[in-house]
Amino acid sequence: MEMVRDKRLIPIVEKVLQGKRLSFEDGLTLFESDDIHTIGYLANLVAERKNGKFAYFNVNVHITPTNVCVGTCKFCAFRKKKGEEGAYELTVEEIISKLREYRKLNPGLTEVHIVGGLHPDWSYQHYIEIVKQVKQAFPEIHVKAYTAEEIKFIAEKGGKSVEETLKELIEAGLGSIPGGGGEIFAEEVRKRICPDKITGEEYLEIHKTAHRLGLKSNATMLFGHIESYADRVDHLIRLREAQDETGGFQTFIPLAFHPKNTEIPGANYTTGFDELKTVAVSRLLLDNFHHVKAYWIMLGEKVAQIALQFGADDIDGTVTEEDITQAAGARAGQFIPKERLIKLIREAGKIPVERDTLYNVIKVYQEVAQ
Ligand code: V47
């Protein structure tokens, strides 16, 4: 315990060593501490208890069918009003031809991640049709599509319940649900950064409904804008409680806020220190999540790599085209070839594992990449 520089962390270290669940106060103490070595060491210990030395990546692409959105989220630099300069909408054929193009860049592609705007004119059937036709054209590719916010929007369009909508999406070929739309659950903050969005409770309910129908999903938290440490801990604990109920979340992804072109007054980029601490504290609080993802698009390649020693066991995928972070001033690129992901993971002292969306192992890269 001499190694623990911040002595307030000692009871937390003891709890983690004994495998005990951390409390709200523990979470706050961790966020308030600058003893990044102790926090990172503990988070890595937990990550290795769960996943050994494995760190995962996948070969995936993102497709964003439209940026036209009736939403009003203040942190979003991507959305456009219908008819506004820069607004676009892809036809289903265009989505499929983009996928064909991107597949050439990504041999062994296993996942397409489809999320986009809440388009005022698109019908319930159109959203279903996107999934159906993509799946028909690429039966071997897992379709991870539509955030909880979109699912609610689509359901309302069709005058259906979330459950009915999800059932139809599954029928059409939906494989799982991404974590977007989590933002920060705390009501006061949520009202200020995304007043018209589903509440935190609704987000959790939609995910739990999906889990009950057999779908897996991911969860996110947007951090580094106007939220407090207490709001972050509250968010993580609400996710932990939902996971206790269903066990359907696969991965937690802390998303680093990007400030450019947003309507968050005075906002700034997150720092490397805060990013690593947030990854690590998430790993420590979310004892019932199997995976924590360091999404390199938002953390940048360098911090994402170091995060693999701070509690993350996944670095996401090859991505190829990403528009949401780009609009808000992303400093990372949009494509990292698989060989580079393998190198990043290996240098971080972990064993690269290529996975599919549901964490089935495709290949373990024990040796130097070919
Ligand atoms: O919900 C929007 C966030 C999310 C900004 O499930 C911003 O595997 C930073 O959820 N700065 C969408 N973030 C992305 C997402 C995601 C990404 C990768 C993998 C998975 C997964 C999920 O992007 C939105 C919002 O929280 N976002 N604007 C911004 N200015």
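The coordinates are above.
This section reports on the structure supplied with the text. Quantities reported herein were computed from a predicted structural model and do not represent experimental measurements.

Some remarks on the state of the cysteines
Here is step 1: Here the structure, examined in full by the defined rule, presents 0 disulfides.
Here is step 2: Note on Cys73: no disulfide assigned, nearest cysteine sulfur contributed by Cys194 at a separation of 5.0 Å.
Here is step 3: Free cysteine: Cys76, not disulfide-bonded; nearest cysteine sulfur from Cys73 at 6.4 Å.

A look at helix H6 (residues 148-158)
In an α-helix, one full turn covers 3.6 residues, which means residues spaced three or four apart are oriented alike.
Here is step 1: Among the residues making up H6, those that are buried are Ala148, Glu149, Glu150, Ile151, Phe153, Ile154 and Ala155.
Here is step 2: Turning to H6, the residues buried within the fold contact helix H5 (124-137), helix H7 (162-172), strand E5 (174-177) and helix H9 (200-212).
Here is step 3: A positive backbone phi angle near 60° is found at Gly159, which sits one or two residues after H6.

Quick look at the site of the ligand
Here is step 1: Near the ligand you find 23 residues, and of these Lys144, Gly179, Gly181, Glu183 and His258 are the closest.
Here is step 2: Here a nitrogen atom of the ligand sits 2.8 Å away from a polar atom, N or O, in the main chain of Phe75.
Here is step 3: In this structure, Lys293 approaches the ligand through a side-chain N or O atom, which is 2.8 Å from an oxygen atom.
Here is step 4: A total of 620 Å² of accessible area belongs to the ligand in isolation, and the protein chains cover 95% of it.
Here is step 5: Broken down by secondary-structure element, the contributors of at least two residues to the shell around the ligand are strand E6 (216-223) and strand E7 (249-256).

Structural notes on the sheet that holds E7
Here is step 1: Pairing in this open sheet of 7 strands is parallel, and the strands run E2-E3-E4-E5-E6-E7-E8 from one edge to the other. Two strands lie at the open edges of the sheet, namely strand E2 (60-63) and strand E8 (291-292), each paired on one side alone.
Here is step 2: As defined by bridge partners, E6 adjoins E7 across 6 bridges and the pair is classed as parallel. The residue bridging Met221 from the neighbouring strand is Pro254, located in E7.
Here is step 3: The strands that helix H4 (residues 92-105) touches are E2 and strand E3 (111-114); relative to E2, the one it contacts most, it runs at about 150°.

Thoughts on the side chain of His142
Here is step 1: Topologically, His142 is positioned in strand E4 (residues 142-145).
Here is step 2: Those residues in contact with His142, other than ones at most four positions away along the chain, are Thr110, Glu111, Val112, Lys135, Gly175, Ser176, Thr357 and Leu358.

Brief notes about unusual backbone geometry
Here is step 1: Despite not being glycine, Tyr146 has its phi angle at roughly 65°, a positive value.
Here is step 2: Examined against the element boundaries, Tyr146 turns out to sit in the loop between E4 and H6.
Here is step 3: On the accessibility criterion, Tyr146 (2% relative accessible area) is buried.
Here is step 4: Of note, Glu183 is a non-glycine position whose phi angle comes to about 50°, a positive value.

With respect to the sheet that holds strand E10 (residues 351-355)
Note: strands within a sheet are paired through backbone hydrogen bonds, in either parallel or antiparallel orientation.
Here is step 1: Overall, mixed pairing links the 4 strands, which are arranged E9-E1-E10-E11 in an open sheet. For this open sheet the edge positions go to strand E9 (314-317) and strand E11 (361-364), each flanked by a neighbour on one side alone. Strand-to-strand twist across the sheet, computed as the mean angle between neighbouring axes with direction ignored, equals 25°.
Here is step 2: Two strands pair when backbone bridges link them, and strand E1 (residues 54-58) and E9 are joined in this way by 2 bridges, in the parallel orientation. Residue Asn58 lies in a different strand from E9, and its bridge partner there is Gly317.
Here is step 3: Against the sheet, helix H14 (residues 338-347) makes contact with E1, E9 and E10, and its axis sits at roughly 165° relative to E1, the strand it touches most.

Some remarks on the pattern of salt bridges
Here is step 1: Under the criterion given, the structure shown has 33 salt bridges.
Here is step 2: The salt bridge involving Lys15 is made with Asp26; its shortest N-O contact spans 2.6 Å. In this pair, Lys15 sits in helix H1 (residues 10-17) while Asp26 sits in helix H2 (residues 24-32), placing the two residues 11 residues apart along the sequence.
Here is step 3: Overall, Lys15 belongs to the partly exposed group, its relative accessible area being 23%.
Here is step 4: Residue Arg212 pairs with Glu245 through a salt bridge whose shortest N-O separation is 4.0 Å. Residue Arg212 is found in helix H9, and its partner Glu245 is found in helix H10 (residues 229-246); the two are separated by 33 residues along the sequence.

Conventions used here
- The residue numbering used here restarts from 1 in each chain and proceeds along that chain's sequence as written.
- Side-chain atom pairs in this predicted model are given and counted only at pLDDT of 80 or more, local residue features only at pLDDT of at least 70, and totals for whole chains, interfaces and linings cover all residues.
- Excluding hydrogens and water, the side-chain figures rest on all heavy atoms present in the structure.
- Criterion for a disulfide: a pair of cysteine sulfur atoms at a distance within 2.5 Å.
- Think of it in three bands: residues with accessible area under 20% of the maximum for their type are buried, residues over 50% are exposed, and the middle band is partly exposed, with areas taken using a 1.4 Å probe on protein chains only.
- Numbered from the N terminus, helices here are DSSP runs of H or I no shorter than four residues, and strands are runs of E no shorter than two.
- Throughout, a contact is declared for two residues whenever any of their heavy atoms are within 4.5 Å.
- Throughout, near means a residue has at least one heavy atom within 4 Å of the molecule or strand.
- Any N or O atom pair separated by 3.5 Å or less is treated as a polar contact, with the protein-specific requirement of one donor-capable and one acceptor-capable atom, and with residues adjacent in sequence counted only for side-chain atom pairs.
- Only the protein chains shown count as covering a residue, and every accessible area follows the Shrake-Rupley method with a 1.4 Å probe.
- Here the rule is simple: two strands pair whenever DSSP picks up at least two bridges between them.
- Axes here refer to lines fitted to C-alpha atoms; in helices the fit is confined to the stretch in contact. Angles between the N-to-C directions go from 0 to 180 degrees.
- We define a salt bridge as a side-chain nitrogen of Lys or Arg found within 4 Å of a carboxyl oxygen belonging to Asp or Glu.

Just geometry here; none of it tells us what the structure is for.
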